[in-house]
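# Structural description and commentary
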Amino acid sequence: MKRESWLAAAPESAPMARAMVREAADEHGLDGESAWDLMLATSEAVANAILHGSACGDPERGVLLIIEVDEDAISIEVCDCGSFDAQLRPASPDETHGRGIPIIAALADHFELLPEPSQTRVRFGKRLRVAAA
């Protein structure tokens, strides 16, 4: 299953993205804590795309959210048309920004940051737990 949704480059897109991820997690039996982690990671990724990215020609097409589910995992990809400085620097204790990417990486079972000249993609996800037979 794969779902793609364009979201506006606006704060109200974060709760919309969380709701879409929660729905996919519920449909595919992701446990509550893992679903919450995936929703929080999605909020961080969407917020980063809104704050630091660029819309893809149209403000209503500011952030592309892709939710993909296979037999092993739920994967999320958040894309924007901005460029990203791939040198991550740790945030100092006094800074109010700079913790989103480390939070996503800590919450996810798999994580990739894919900066390209005209696009930034963040991919992350959670493994689906298969019940013992």
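Placed above this text is the structure.
Here we summarise the structure given alongside this text.

### Some thoughts on the packing of helix α2 (residues 32-52) against helix α3 (residues 100-107)
Where α2 contacts α3, the axes come no closer than 9 Å and their chain directions differ by 155 degrees. One way to sum up the angle between α2 and α3 is to call them roughly antiparallel. Here α2 runs over α3; the crossing is left-handed. Facing D37, L40, A41, E44, A45 and N48 of α2, the residues of α3 in contact are G100, I101, I103, I104 and L107. When its residues are assigned to classes, the contact of α2 with α3 shows seven nonpolar, two polar and two charged.

### Overview of the pairing of strand β4 (residues 110-116)
As paired strands, β4 and strand β5 (residues 119-127) are joined by seven bridges and run antiparallel to one another. Along β5, the bridge assignment pairs E116 with Q119.

### What to know about helix α1 (residues 13-27)
Between its first and last C-alpha, α1 extends 21 Å over 15 residues, near the 21 Å set by a 1.5 Å rise per residue. Those residues of α1 not exposed but buried are S13, A14, A17, V21, A24 and A25. Looking down the long axis of α1, one finds its buried residues gathered within 110 degrees of arc, a one-sided arrangement. Residues of α1 that are buried in the fold lie against β1 (2-7), α2, β2 (63-69) and β3 (73-80). The first or second residue beyond α1 is G29, which carries a positive phi of 75 degrees.

Conventions adopted
Every residue gets a number counted from 1 within its own chain, in the order that chain's sequence is written. Side-chain atom pairs in this predicted model are given and counted only at pLDDT of 80 or more, local residue features only at pLDDT of at least 70, and totals for whole chains, interfaces and linings cover all residues. Excluding hydrogens and water, the side-chain values take into account all heavy atoms of the structure. Lines are fitted to the C-alpha atoms to define the axes, a helix being fitted only along its stretch in contact, and any angle between axes, read from their N-to-C directions, falls within 0 to 180 degrees. Secondary structure is summarised from DSSP: a helix means a run of H or I of at least four residues, a strand means a run of E of at least two, and numbering begins at the N terminus for each. When describing relative orientation, an angle under 35 degrees is termed roughly parallel and one over 145 degrees roughly antiparallel, while 65 to 115 degrees is termed roughly perpendicular and anything else oblique. Whether a crossing is left-handed or right-handed is set by the direction in which the near helix is turned from the far one by less than a right angle, anticlockwise for left-handed and clockwise for right-handed. Contact criterion: two residues are considered in contact whenever any of their non-hydrogen atoms come within 4.5 Å of each other. For this scheme, ten residues count as nonpolar: Ala, Val, Leu, Ile, Met, Phe, Trp, Tyr, Cys and Pro. Four count as charged, namely Asp, Glu, Lys and Arg, and the remainder, Gly too, count as polar. Only when DSSP finds a minimum of two bridges between them are two strands counted as paired. A helix is expected to span 1.5 Å multiplied by its residue count minus one. Classification of residues uses two cut-offs on accessible area relative to the type maximum, computed with a 1.4 Å probe and protein chains only: under 20% is buried, over 50% is exposed, and between them is partly exposed. The arc refers to the directions leading from the helix axis to the C-beta atoms.

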